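So you can see what is in the structure, the chains are spelled out below.
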Amino acid sequence: MTGSSRMPVSLRESFNQVKRRRPTSLSAVVNLDLLRNIIFLLFVLRWTRRAFWQLRGRGIIGSLVELYRNIGRILYGYFLRAPGVRGKVQKQVSDALAKTEAKLVPTNLTKYLTLPKEGLSDDDVRKELEMLANLDHTKWEEGYVSGAVYHGEQDLIKLQTEAFGTFTVANPIHPDVFPGVRKMEAEIVSMVLALFNAPPDAAGTTTAGGTESILVCCLAARQKAYAERGITEPEMIIPETAHVAFRKAGDYFKIKVHRVPCPAPSYQVDMKAVARLVNPNTILLVGSAPNYPHGMIDDIAALSKIAVKRKIWLHVDCCLGSFVIPYLEKAGFESQPFDFRLKGVASISCDTHKYGFAPKGNSTALYRSAQHRSYQYYVSPDWPGGVYALIRMGDNGYLDACGKLVGTAKKIADKIRETPSKNLNIYDIYDGMTTKGWHLNALQDPPAIHVAVTVPIVKVWETLMADLESVIEAEKEKERARIAQGKGASKPVGDSAALYGVAGSLPNKGVVVDLAAGFLDLLYKT
Ligand SMILES: *Cc1c(COP(=O)(O)O)cnc(C)c1O
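What counts and what doesn't
- Residues numbered from 1 in each chain as written.
- Predicted model: local features only at pLDDT ≥ 70, side-chain atom pairs only at ≥ 80, totals over all residues.
- Heavy atoms only, no water.
- UniProt positions renumbered as here; feature names shortened; annotations may be inferred.
- Helix = DSSP H or I, 4+ residues; strand = E, 2+ residues; numbered from the N terminus.
- Buried < 20%, exposed > 50% of the residue type's maximum accessible area, 1.4 Å probe, protein only.
- Areas by Shrake-Rupley, 256 points an atom, 1.4 Å probe, with all protein chains shown as cover.
- Pairing = 2+ DSSP bridges.
- Axes fitted to C-alpha atoms, helices over the stretch in contact; angles between N-to-C directions.
- Contact = heavy atoms within 4.5 Å.
- Arc of directions from axis to C-beta.
- Near = heavy atom within 4 Å.
- Polar contact = N/O pair within 3.5 Å; in protein donor to acceptor, adjacent residues only side chain to side chain.
- Nonpolar A, V, L, I, M, F, W, Y, C, P; charged D, E, K, R; others polar.
- pLDDT = per-residue confidence, 0-100.
- Patch = residues over 30% accessible without salt bridge, like charges linked within 9 Å, V, L, I, M, F, W, Y side chains within 5 Å.
- Salt bridge = Lys/Arg side-chain N within 4 Å of Asp/Glu carboxyl O.
- Right-handed = clockwise from strand over helix to strand, strands pointing away.
- Parallel < 35°, antiparallel > 145°, perpendicular 65-115°, else oblique.
- Left-handed = near helix turned anticlockwise from the far one by under 90°.
- Phe/Tyr/Trp six-rings, centres within 6.5 Å; stacked < 30°, edge-to-face > 60°.
- Lys NZ or Arg CZ within 6 Å of the ring centre and 35° of its normal.
- Expected span 1.5 Å × (residues − 1).
- 1 Å grid on protein atoms, 1.4 Å probe; cavity = no way out; pocket = protein on both sides within 12 Å on 5 of 7 lines; lining within 4 Å.
- Points joined across faces, edges and corners; volume = space filled by probe spheres on them.

In the nomenclature of an unreviewed UniProt entry, the chain corresponds to sphinganine-1-phosphate aldolase from the organism Parascedosporium putredinis. Taken directly from UniProt, the Subcellular location (unreviewed entry) text for the chain runs: "Endoplasmic reticulum membrane".

Helix and strand counts for the chain stand at 16 helices and nine strands. Counting only residues that meet the buried cut, the chain has 40% of its 526 residues in that class. For the chain, the accessible surface area stands at approximately 30700 Å², while carbon and sulfur atoms represent 60% of it.

Taking strand neighbours across the sheet as the criterion, the seven strands line up as 1-7-6-5-4-2-3 in an open arrangement whose pairing is mixed. The sheet is open, and its two edges are formed by strand 1 (203-207) and strand 3 (256-260), each paired on a single side. Each strand of the sheet is rotated relative to its neighbour by a mean of 20 degrees, with strand direction disregarded. Taken together, the four bridges between strand 6 (residues 345-350) and strand 7 (residues 363-367) define a ladder with antiparallel strand orientation. Paired with I348 across the strands is L366, a residue of strand 7. The sheet strands contacting helix 7 (residues 210-229) are strand 1, strand 2 (235-239), strand 4 (282-288), strand 5 (313-318), strand 6 and strand 7, and the helix crosses strand 7 at an angle near 25 degrees. In this fold helix 8 (residues 245-253) packs onto strand 2, strand 3, strand 4 and strand 5, with an angle of close to 165 degrees to the strand it touches most, strand 2.

A few words now on helix 10 (residues 300-310). Those residues of helix 10 that fall on the buried side of the exposure criterion are I300, L303, S304, I306 and A307. End-on, the buried residues of helix 10 take up no more than an arc of 165 degrees, which puts them together on one face. In this structure, helix 10 carries K305 and K309 as exposed residues pointing more than 90 degrees from its buried face. Residues of helix 10 that are buried in the fold lie against helix 9 (271-277), strand 4, strand 5 and strand 6.

Before going further, it helps to spend a moment on the site of the ligand. As a matter of local geometry, the ligand sits amid 14 residues, with G210, T211, D317, D351 and K354 nearest to it. In the environment of the ligand, an oxygen atom lies 2.6 Å from a nitrogen or oxygen atom belonging to the side chain of T211. Measuring from an oxygen atom of the ligand, one finds a side-chain N or O atom of K360 at 3.4 Å. Look at the ligand: alone it shows 380 Å² of surface, and the protein chains cover 88% of it. Across the shell around the ligand, the residue classes break down as five nonpolar, five polar and four charged.

Attention now moves to the confidence of the model for the chain. Averaged over every residue, the pLDDT of the chain is 87; residues scoring 70 or more account for 89%. Scored below 50 in pLDDT, residues 1-5 shows three contacts in the model against residues more than four places distant or in partner chains.

This next bit is on a nonpolar patch on the surface. A contiguous nonpolar surface patch, about 1000 Å² in accessible area, is contributed by L55, I60, I61, L64, V65, L67, I71, I74, L75 and Y78. Along the chain, L67 falls in helix 2 (residues 9-81).

The element strand 2 is extensively covered by neighbouring structure, given that five of its five residues are classed as buried. Here strand 2 shows two buried faces, one formed by E235, I237 and P239 and the other by M236 and I238. Pairing of strand 2 with strand 3 involves five bridges; the strand directions are parallel. By the bridge assignment, M236 is partnered in strand 3 with V257. Note on the crossover from strand 2 through helix 8 to strand 3: the handedness is right-handed. Direction of pairing for strand 2 relative to strand 4: parallel, over a ladder of three bridges.

Looking now at the pattern of salt bridges. Throughout the structure, instances matching the rule amount to 23 salt bridges. Residues D124 and K127 are paired through a salt bridge, measuring 3.7 Å at the closest nitrogen-oxygen approach. Of the two residues, D124 and K127 both sit in helix 4 (residues 122-133), three residues apart, roughly one turn of that helix. Its salt-bridge partner being K459, residue E153 comes within 2.5 Å of it at the nearest N-O pair. With a gap of 306 residues between them, E153 in the loop between helix 4 and helix 5 (154-167) and K459 in helix 14 (residues 455-484) connect regions that are remote in the sequence. Beyond isolated ion pairs, a larger network of salt bridges with shared partners links R46, R50 and E233.

Attention now goes to the packing of helix 13 (residues 426-435) against helix 14. The interhelical angle for the contact between helix 13 and helix 14, taken along N-to-C directions, is 125 degrees, at an axis separation of 9 Å. Considered as vectors, helix 13 and helix 14 are oriented oblique to each other. In this structure, helix 13 crosses over helix 14, and the sense of that crossing is right-handed. Across the interface between the two elements, D428, I429, G432 and M433 from helix 13 touch L464, D467, L468, V471, I472 and E475 from helix 14.

This part covers the packing of aromatic side chains. The tally for this structure, following the rule as stated, stands at 11 aromatic pairs. One aromatic cluster is present, built from ring pairs that chain together F323, Y327, F357 and Y398. If you follow R50 out to its NZ or CZ, it ends over the ring of W47, 4.7 Å from the centre.

Let us now look at helix 5. Between its terminal C-alpha atoms helix 5 stretches 20 Å, which fits the 20 Å expected from 14 residues at 1.5 Å a residue. Looking only at helix 5, the buried set comprises L156, Q160, A163 and F167. Burial along helix 5 is one-sided: seen end-on, the buried residues are contained in an arc of 55 degrees. In helix 5, the exposed positions that point more than 90 degrees away from the buried face belong to Q154 and K158.

Now for the UniProt feature "modified residue: N6-(pyridoxal phosphate)lysine" (unreviewed entry) in the chain. UniProt marks K354 with the feature "modified residue: N6-(pyridoxal phosphate)lysine" (unreviewed entry), using the numbering shown here. Along the chain, K354 turns up in the loop between strand 6 and strand 7.

The next subject is empty space enclosed by the protein. Under the definition given, this model contains one cavity of 30 Å³ or more. The computed volume of the largest cavity comes to approximately 80 Å³. For the largest cavity, the full set of lining residues is H243, S288, P290, N291, Y292, D317, C319, L320 and K354. Grouping the constituent residues of the lining of the largest cavity by class yields four nonpolar, three polar and two charged.

Right, here's the structure in full:
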């Protein structure tokens, strides 16, 4: 009998374990090397994959152009910060901001910078509100504003105000305390889903605005891809013209954003470029119906095909299209598929506060299935007065509105095509229209003005055209005078012409960023 066999079993076990462990420490050294190699290999593999997808997505020339632009932007950024230049740029920015401030922030009013010691009387508050409502402003009431107020008729405003009155105290986070609010929100979602031909299992939520609808849909797409496909480096492919909220979602939720050109003449997203950019990390495709800059609808059917084939989430941004696009066909206008009838469409954002005519602060995020929606779940639903607008208008109300709005837009387009004018600076025309009291929207890439036709505009579109004609005539006159004086003569430049003139010619838009940030600061200036 050997000593070890006389040992208790448990002791023998641990003895054997010690014996077995000895060579392990030697192999640990070897393993460490192996581990290092594996990590290095993974690293190389990862970057090779990235380079491969980059080259496949943008091509060699496209990638070089991208690189060239990035370098240009960085170098120009240094130039802007160089001594001598920096001061001049800052001076120009602050001059521009001072001009805006003079227009935007009144100086002759009583200011409440801290709480009054004694609360104001009800009557004083009423007086104060009345005064604020009547501050000098662009006349949306008379139809001088593009977008912003989509209905604005007194009878609807009155009913919405009553609805607000009835539910002022409501806190939607307590559905048991305010069951009526819950019911309204559920029904808003149901009505809008029906409008977009959603399948029976579809679901949605209300949100506080289009941007939030887009954010939550992007988040849901990311979460679904993570949960079901384990994607940790998500990417999305969006048209260059897609709403800025998608870029925001990319930044907020760490989703890499590929922007795809939308070339003339269709201004739709380039489908070939989209297809090339799809890779295993792609979690989301986006199409607009229509986009904000040009009002064009992307080829949603083609996007849907890719989405189905590659099993990717497709989001359709119908925030602006809201209740007009779904009524186009019924109202007898040309239409193209854009909604849940296309199998690839996983989610749609629709702003009830735009052409749904609900008060601002009301939008919807719609999903193909309740399971899709489950990936969103964090939401701060806003006040739901919208339901009153929705059922007050009814199906025929929206159909009627669609006819008037789109009909007017077509009349405006036809009228402009009748007398085309060339060689004028569009931003000069924009500034001229501003002087005449219009609040239109200036765009870039390409330079343009857009007018979102609303119910108030329908009534004054002829004034809009007359003013446009006279502004164009005045611009032509200035141009003729300039040519008579010799080509070199300069003419005075308006605010937007100056801003977009500068912005368009710069490789680095840092100055524009400064201006925009300064503008946001102004919004909270007392
Ligand atoms: C208005 C709009 C949105 C959302 O904007 P909100 O102001 O946040 O409601 C999104 N996409 C498009 C195309 C829009 O016009």
